[in-house]
Amino acid sequence: AQSVSQHNHHVILSEAASLELGCNYSYGGTVNLFWYVQYPGQHLQLLLKYFSGDPLVKGIKGFEAEFIKSKFSFNLRKPSVQWSDTAEYFCAVNSLGTAGNKLTFGGGTRVLVKP
Amino acid sequence: EPEVTQTPSHQVTQMGQEVILRCVPISNHLYFYWYRQILGQKVEFLVSFYNNEISEKSEIFDDQFSVERPDGSNFTLKIRSTKLEDSAMYFCASRWTGVSGNTIYFGEGSWLTVV
């Protein structure tokens, strides 16, 4: 069964600092990878996704993520965070070929950006 | 941009009562999902639904849960006899089909409180 690990449960940083959130997955086959964000009191929103091609993907709001197949990783980055980036971030993996193509989520990382 | 819509946004119910959570998936989507997120925990897969039948379900999705697509537009989750531990945010999601349609779109969630 596939699993997704997010190493940091909580991250606190100041505005303009750089952010990197780790995500590792366990599945040997072809995967699609996603990062979702959940702002306080709001629903899950897609930040970015990787299906194939360039392993460096750019998403909304200045976020990017890099797929490193050899490390089974899909880390999320943002060079300079803003207070409005305070949210919980979820990495998710969709292993192709499984019935229903469900997403498996990591445990989430709560990010607090101090003004 | 098309959206997955869910009702109600918040429901409080007494233990043992039946609850129906409603979802309107994106109109041309063919795969439908329910996930839940207990406060402070990760997003968990409950069930996937395709071609008018369940294609996969998790161990959480026991006999007290059922799903239905009664009229070709709504997709409902019924919890027959709610328990305190059913208190969670329930997310509906939908997906088109085919490789390029592998993004799963989430609704805003229905917050269920069982008292």
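In the block above lies the structure referred to throughout.
What comes next is a walk through the structure. (Residues numbered from 1 in each chain as written. Chains lettered and ligands numbered in written order. Predicted model: local features only at pLDDT ≥ 70, side-chain atom pairs only at ≥ 80, totals over all residues. Heavy atoms only, no water.)

Let us look at the environment of N28(B). Relative to the elements of secondary structure, N28(B) occurs in the loop between β3 (19–24) and β4 (31–37). Sequence spacing of N28(B) and V47(B) is 19 residues, and the spatial spacing of their C-alpha atoms is 19 Å. (Helix = DSSP H or I, 4+ residues; strand = E, 2+ residues; numbered from the N terminus.)

As a further point, take the nonpolar core. Counting residues in each nonpolar core, the largest one holds 28 residues, and the members touching the most others are W35(A), L48(A), F74(A), L76(A) and Y89(A). If you list the elements that add at least two residues to this core, you get β2 (10–14), β3 (19–21), β5 (31–38), β6 (44–50), β8 (64–68), β9 (73–78), β10 (87–95) and β12 (109–114) of chain A. Beyond its immediate chain neighbours, meaning those up to four positions away, F74(A) contacts C23(A), L33(A), F34(A), W35(A), L48(A), Y50(A), V57(A), A65(A), E66(A) and F67(A). Of all hydrophobic cores here, the second largest spans 23 residues; its members include F32(B), F65(B), A88(B) and V114(B). (Core = buried A, V, L, I, M, F, W, Y, C linked by side-chain atoms within 4.5 Å. Buried < 20%, exposed > 50% of the residue type's maximum accessible area, 1.4 Å probe, protein only. Contact = heavy atoms within 4.5 Å.)

Turning next to the state of the cysteines. One way to say it: the disulfide is the covalent bond shared by the sulfur atoms of two cysteines. For the coordinates displayed, the defined rule picks out two disulfides over all chains. What pairs with C23(A) in a disulfide is C91(A), and their sulfur atoms sit 1.9 Å apart. Across the S-S bond of C23(A) and C91(A) the torsion is about -65°, and the bridge reads as left-handed. In this pair, C23(A) is assigned in the loop between β3 and β4 (24–26) and C91(A) in strand β10, connecting sequence segments 68 residues apart. A residue is classified by how much of its surface remains accessible, and C91(A), at 0% relative accessible area, is buried. Disulfide pairing is shown between C23(B) and C92(B); the S-S distance is 1.9 Å. Measuring handedness by torsion sign, the sulfur bridge of C23(B) and C92(B) sits at about -65° and is left-handed. Here the residue C23(B) occupies a position in strand β3, and C92(B) occupies one in strand β9 (residues 88–95), the gap between them amounting to 69 residues. Just as C23(B) is buried, C92(B) falls in that class too. (Disulfide = S-S within 2.5 Å.)

Let us look at the pattern of salt bridges. All names here are of chain A. Counting across every chain of the model gives six salt bridges over all chains. For E64, the salt bridge is made with K58, and the minimal N-O distance between the two is 2.9 Å. Residue classification places E64 among the buried positions, given a relative accessible area of 18%. E66 is the salt-bridge partner of R77, the closest N and O atoms lying 3.4 Å from each other. With R77 in strand β9 and E66 in strand β8, the pair connects residues that are eleven residues apart, well separated along the chain. Given a relative accessible area of 22%, R77 falls into the partly exposed group. Residue class for E66 comes out partly exposed when judged on its relative accessible area of 28%. Salt bridges linked by common partners bring K58, E64, E66 and R77 together as one network. (Salt bridge = Lys/Arg side-chain N within 4 Å of Asp/Glu carboxyl O.)

So, about unusual backbone geometry. All names here are of chain B. Note the cis peptide between T7 and P8, where omega equals -10°. Among the structural elements, P8 can be located in the loop between β1 (5–7) and β2 (10–13). Located in the positive-phi region is N52, a residue other than glycine, with phi close to 65°. Following the sequence through the fold, N52 ends up in the loop between β5 (43–50) and β6 (53–57). N52 sits in the exposed class, given a relative accessible area of 60%.

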